[in-house]
Amino acid sequence: TANRCDQTDYAAIYPREERHSVFAGLTQDLSDSVAFKLSAYWSKRDTLHRSAQSSMSGTITAANPFFRPIGAELAHSVAFAFDDVFGPSNDSPSSFTSYGITPSFDFELGGGWQLRTLANFGRSENESTERTFNSTAALIALFGTTTATALNPYNLSATSPAVLAAIDDFVNYGEATQELAEGRVVLDGPLFAMAGGDVRVAVGGEYHYENIRSFTGSGPENAVTGSNAYAARNVKSLFGELLVPIFGADNRTPGFYSLELSGSVRYDDYNDVGSTTNPKIGVTWRPFEALTIRGNYGTSFHAPSLADLGNSVDARVQVLPFSPFRAPGSPDADALRSTIAIAGGNANLRPETADTWSLGFDLNPAALEGFVASATYFNVKFKDAIAVPPFTSPLMFTTPAYSDFYILNPTLAQAQAAAGNLRIDGAPNLATLFATGSPYVLFLAQRANLGAVNVDGIDFNLAYNRPTGFGSVSANFAGTYLLGRETQVVQGGPVIVALKNGTGRFLFTAGPGATVGDLTTRATLNHRSGYPVIGLSPQERVSAFDTVDLFFSYDLGDMLANTLLTLNVDNVFDADPPYFNSASGYTNGSTLGRLVSFGVRTKF
């Protein structure tokens, strides 16, 4: 029978975190025409994440002195967790440290021309330790033949302390160091004058270098073994932009308060993924002072990060002793079979590209001071999007285009081919895993180019802020309404209408606010619309999710200059996110519930 328990009672919903940051800036005029600026920062974040104690399964035979036969049997399968001897939780620490320095010089060249130079140097270090148990030692002990070497799965505390100590001393460890160096030069100024104003141009060049060194391994905490990886990249770039004012202060007419055309182009040459040229054109038209109409079209290019290309700290084979993510209609017994997930980067990733265009307006009428209205229609055609296949969602099994990212009832040969030389977490090795049972599914959960995403919709914002005798009152309504979202998991594959399966159409925030003397208050309604789901019988739709947040701040200016006391109450009514008939049990929102935070903000 299934062993049912709620392990979230022993895991951190919100991990403990401690942060320290230092920022500094310097500005100095070296002469009437030369200005120097310098900014620098250092930041360190330590996190302690608590996870539920892991479990394992295996076979115990009569050779184990602790074996308890049922009838005349000589062996049987057992499944158990180490809560009784190691505690119900594992505390896994991680730390992230980064620092950078950015000097710049600005030169005034005369005639409205200026030369701007900038450099940027940075470094970050990331370290994570995941504490778990040594599954190899546990499996060996399960086959032990003496009380000094064997594991007692029925009463773990009766096992030899030395055996338990060897099983408990195990971590998955990863560290990575990233460095970058950048330099940029930009020259800009007026080319010539037109009736609408000066035609301006900006040209420049940029050099970018980065590298990443990483180590991943596992073993006893003081004797971790693993592998190192290194990758580096440099990018040389040229760019330019032209601004042409057709109408302006000197020649505006009814219907043309101002009109500006702009065009830009950027060329990037990557040493590892090739070169690309991306243009952008735009128009900004103000038929009268209070209304601005704008539109633009452009292309973009985003290279996969060095970590995404295969140097990721999360690269591993993760074995779960059970299968929480299954195809709809699978027998309950499949839940007790193991899951294999291949995680990490992918050396075969291609760059992401996109074609985008938008058209919008901004309205700020003088007769209604403090009122702002804006809306923008956007259209994005995204190709080769880099993401992790959604293996935790039932959509993985109900969407035929995802069939290349999982194998039901995999063979040992298929698992070994997919795993390659990656480390294995949760099992001694794949051969032993298959010798003791038949895994339910193999997920190819590495980052991948997931075909195309075509999305269009409307971003909007309505805001009003009015001074009063006691301070001010305000209100806002802002959000996004999707008109369409189509996905193509693999190029050339079928197009999926996401709004018909798994994606909501409407998101917004709205609420009033007020300032009374030194006190500021604001209430916010957050709305995420519901959406249909296919292939998740008997559920056909996920409900909308609405939460209310409150914010208060009090200015201590009379007692302590530049200091605010703040109080945030998120999800005031402790609303639960909508039910989802899957392993997670919820979707379309967070399970944190009501969260109250108090803060002190100051500057000097």
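As the structure is a prediction and not an experimental result, all values here were calculated from the model.

Draft legend 1. Highlighting the overall build of the protein chain. Scanning the protein chain from terminus to terminus reveals seven helices and 31 strands. When burial is assessed residue by residue, the protein chain has 37% of its 604 residues classed as buried. If you take every contact in the protein chain between residues at least 6 apart in sequence, the share linking residues at least 24 apart comes to 67%. When the accessible area of the protein chain is evaluated, it comes to approximately 32200 Å², of which 57% is carbon and sulfur surface. Looking at charge distribution, the protein chain has the averaged site of its 39 positive side-chain charges lying 3 Å from that of its 56 negative ones.

Draft legend 2. Structural detail: the pairing of strand β15 (residues 352-363). Here strand β12 (residues 291-302) runs beside β15; their pairing, made up of 12 bridges, is antiparallel. Opposite Asn296, over in β15, you have Ser358 as the bridge partner. Relative to strand β16 (residues 371-383), β15 runs antiparallel, the two sharing 11 bridges. Bridging from a neighbouring strand, Ala354 pairs with Phe382 of β16.

Draft legend 3. Geometry of the pairing of strand β11 (residues 274-288). Pairing analysis gives 13 bridges linking strand β10 (residues 258-270) to β11, with the strands arranged antiparallel. Looking at β11, one finds that Tyr270 is bridged to Gly274. As consecutive antiparallel partners, β10 and β11 are separated by three residues. From the end of β11 to the start of β12, which pair antiparallel, there are two residues.

Rules of the game
Residues numbered from 1 in each chain as written. Predicted model: local features only at pLDDT ≥ 70, side-chain atom pairs only at ≥ 80, totals over all residues. Heavy atoms only, no water. Helix = DSSP H or I, 4+ residues; strand = E, 2+ residues; numbered from the N terminus. Buried < 20%, exposed > 50% of the residue type's maximum accessible area, 1.4 Å probe, protein only. Contact = heavy atoms within 4.5 Å. Areas by Shrake-Rupley, 256 points an atom, 1.4 Å probe, with all protein chains shown as cover. Lys, Arg positive; Asp, Glu negative; His and termini not counted. Charge placed at Lys NZ, Arg CZ, Asp CG, Glu CD. Pairing = 2+ DSSP bridges.

Remember, this is a structural readout, not a statement about activity or role.
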